[in-house]
Amino acid sequence: MDCKQTREFLSALVDNEEIDSQTKQKLEEHIWRCATCRTEFELEKKTKQTIQSKVKIIPVPNELITTVLTQIKLLQNGYATSPKNSQISNPSPKPWLEIAFSLGVVIITLAVAIFFISIYEHKMNQKEIIAKEVSGLINHFDSIAQGLAKPEILSDDPEYVKNEVVSKASFMPMIMKIPEFKIIGASIKDPHSSSKNSKCVNLIYRNNDKLIFFHQAPLKTAQLHEDVKKRILKGEWIYDTIGDDSFVIWGTNELVCCAISNMRKEELEKVLKQSW
Amino acid sequence: MKLKDKIKTLLKQEKRDKKLTDEELLKKQKEFEEEAIPHMQFLYNFAYRMTGNEEDAKDLIQETYMKAFRFWDQYEPGTNIRAWLFKIMKNSYINKYRKATKEPGKVDYDEIQNFYETVRDESFETSDLQEHIFENIFEDEVIEALGKLPDEFRTVVILADIEGQTYEEIAKFLDIPIGTVRSRLHRGRKMLRKELFEFAKKKGYIKGKPEDYEIDDREKD
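Residues numbered from 1 in each chain as written. Chains lettered and ligands numbered in written order. Predicted model: local features only at pLDDT ≥ 70, side-chain atom pairs only at ≥ 80, totals over all residues.

Of regular secondary structure, chain B possesses 10 helices and zero strands. Starting at the N terminus, the α and β elements of chain B follow one another as α-α-α-α-α-α-α-α-α-α. Considering chain B as a whole, with its 221 residues, one finds that 35% of them fall into the buried category. Put simply, 71% of the contacts in chain B that link residues at least 6 apart link residues at least 24 apart. (Helix = DSSP H or I, 4+ residues; strand = E, 2+ residues; numbered from the N terminus. Buried ≥ 20, exposed ≤ 12 C-beta atoms within 10 Å, placed from the backbone. Contact = placed C-beta atoms within 7 Å.)

If you want it as structure tokens, here you go:
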């Protein structure tokens, strides 16, 4: 056995992990003969001991357990009945959010439908493809911003919104933290309403008059133009502007994400870079 | 164990406060609390060492448990619950903190390649004078050094050396072969040692470059 092979098993030897007896014998032979590997072995052992002795296990803070248990209970209540806590945490919905949420749903469904019909009929250049991709969402965002639509979940308490989202979403949503922005509302399209592909979660963030609408859907079921999909899978963040709104599309291994905002493109980019 | 008692009293409180609603829901909740909550210590410590601060760790734990409860029916009873919870948390962590996305399904050949390269590149390596590295080293220096490791190496070092998990467990948590656990751990510890070496140098326990600490030829076999 040479040094290279020995190094591959060095950690296992340090940790007293199971190695088949033949390999182990060869390893020990080599280490006994080779001073370099012997030192390396001793140093790795020392490193491990140092980590163990210096970095201690921290007890779980009491209030964390309490919080988690409370949140579970909230989720549980969300299943059992419509949440009682909505009265507590939803005292005064903003006037601009008051009016018909259903209108938004109609707009978004129409926009998405139009988009899907048109996308297969015409070949479009990338910019147009992307614009089409987000147009439905932008409409929805605009109607919320102008008070024409109301998200299903609205609250002054971000924790309440998070709870609601997690309890109602049909996939594991990502709850992004954006510095200085607060989650004020969310909507989840009902998966039963149309096709199976309507799984998504929208979170609405607000900082004074700045709004960010954060849309996410599972990559597997998201109907996305192949070109766009390819680009975001490569790790690209596609930024652009439509009308007064800026937006960005990107992806993770599991999710397609899209953020729309009434801020300028550069500002949105800056804010997201801080939080991602 | 302290934590167990904590949970027990909290669960008792829970039960007292709870109005009896649907029996099945209650059963689910109870089941979840009994099975999942005891792993919080393990998860919290991992979260704490990965994020480096209490606030983010708490956030991550809350999100993990909410998701786990929500998708509790996806958990198969009798299978490794710790691995299941860990994977949920790992995904949340990646979603929150990863700067760039990797192509899905891409095998980490780079890493295997890198491993052999560091094994070959022994310039920094091997001297019993390196023992000085470990003298007078402080807790926060080790923590800082740990924080400098790339995520995939930090992960295995935390799991093996701080949380005391076996290679088999780590392999299950991360869905990687045991051989990869071995090599990542070896390399992770080595990188950490390099960081500690830098600290020792700054503080003046060690002078010169790593190369100066090569072992004497006559000691070689």
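After that view of the structure, there is still more to cover.
With that out of the way, let us pick up the overall build of chain A. Summing up its helical and strand segments, chain A has 10 helices and seven strands in all. Counted over contacts in chain A with a minimum sequence separation of 6, partners at least 24 positions apart contribute 64%.

With that settled, consider the confidence of the model for chain B. Residues and elements named next belong to chain B. Within chain B, residue pLDDT values average 77, and 67% of them lie at 70 or more. For the stretch residues 119-123, pLDDT sits under 50, and the model shows four contacts to residues farther than four places along the chain or on other chains. For this predicted complex, the interface confidence comes out at an ipTM of 0.74, alongside a pTM of 0.62. (pLDDT = per-residue confidence, 0-100.)

The next thing to look at is the nonpolar core. Grouped together as the largest cluster of nonpolar side chains are 105 residues, with contacts concentrated most on V165(A), A259(A), I260(A), L43(B), A47(B), I61(B) and V157(B). Setting aside chain neighbours within four positions, we find A47(B) in contact with A57(B), L60(B), I61(B) and M89(B). (Core = buried A, V, L, I, M, F, W, Y, C linked by C-beta atoms within 7 Å.)

Quick look at the pairing of strand 5 (residues 238-242) of chain A now. Residues and elements named next belong to chain A. As judged from the five bridges shared by strand 5 and strand 6 (residues 245-251), these two strands associate in the antiparallel manner. Across the sheet, T241 pairs through a bridge with S246, a residue of strand 6. Counting the residues between successive antiparallel strands, the hairpin from strand 5 to strand 6 contains two residues, one of them, G243, with a positive phi of roughly 60°. (Pairing = 2+ DSSP bridges.)

Now for the environment of M1(A). Residue and element names in this part refer to chain A. With respect to the helices and strands, the residue M1 is situated in the segment before helix 1 (3-14). You can call M1 partly exposed: it has 18 C-beta atoms within 10 Å. A C-alpha to C-alpha distance of 6.6 Å links M1 and H30, two positions 29 residues apart in sequence. M1 has contacts with T6, K26, L27 and H30, leaving out every residue within four places of it along the chain.

Before going further, it helps to spend a moment on the sheet that holds strand 1 (residues 153-154) of chain A. All names here are of chain A. The strand order across the open sheet built from seven strands is 1-2-3-4-7-6-5, with neighbouring strands paired in antiparallel fashion. The sheet is open, and its two borders are formed by strand 1 and strand 5, each paired with just one other strand. Running at roughly 75° to strand 6, helix 9 (residues 226-233) makes contact with strand 5, strand 6 and strand 7 (255-261) of the sheet. (Axes fitted to C-alpha atoms, helices over the stretch in contact; angles between N-to-C directions.)

Take the pairing of strand 2 (residues 182-188) of chain A next. Residues and elements named next belong to chain A. Buried residues dominate strand 2, accounting for six of its seven residues. Sheet analysis places strand 1 next to strand 2, joined by two bridges and oriented antiparallel. The residue bridging I153 from the neighbouring strand is A186, located in strand 2.

As a further point, take unusual backbone geometry. Even without glycine at this site, N208(A) takes up a positive phi of about 50°. Positionally, N208(A) belongs in the loop between strand 3 (201-207) and strand 4 (210-218). Backbone geometry at D175(B) places phi at a positive 55°, although glycine is not the residue there. Here D175(B) shows up in the loop between helix 9 (167-174) and helix 10 (178-203). You can call D175(B) exposed: it has 10 C-beta atoms within 10 Å.

What follows is about helix 10 of chain B. In this model helix 10 of chain B runs 37 Å from its N-terminal to its C-terminal C-alpha over 26 residues, within 8% of the 38 Å that 1.5 Å per residue would give. Taken from the residues just after helix 10 of chain B, G204(B) is the one with a positive phi, measuring 90°. (Expected span 1.5 Å × (residues − 1).)

Mapped onto the secondary structure, M40(B) falls in helix 3 (residues 40-51). According to the C-beta neighbour criterion, M40(B) is buried, with 21 such atoms within 10 Å. Separated by 21 residues in the primary sequence, M40(B) and I61(B) place their C-alpha atoms 7.7 Å from one another. Residues in contact with M40(B), not counting those within four places in the same chain, are V60(A), I65(A) and I61(B).

Residue and element names in this part refer to chain B. Contact geometry of helix 9 with helix 10 gives a least axis separation of 9 Å together with a crossing angle of 105°. When the interaxial angle is binned, helix 9 and helix 10 end up roughly perpendicular. Here Y167, E168, I170 and A171 of helix 9 come into contact with helix 10, specifically with I178, V181 and R182. Looking at the contact of helix 9 with helix 10 residue by residue, the classes come out as five nonpolar, no polar and two charged. (Parallel < 35°, antiparallel > 145°, perpendicular 65-115°, else oblique. Nonpolar A, V, L, I, M, F, W, Y, C, P; charged D, E, K, R; others polar.)

On to the environment of K234(A). For K234(A), the location among the structural elements is in the loop between helix 9 and strand 5. Between the alpha carbons of K234(A) and G251(A) there is a distance of 8.8 Å; along the sequence they are 17 residues apart.

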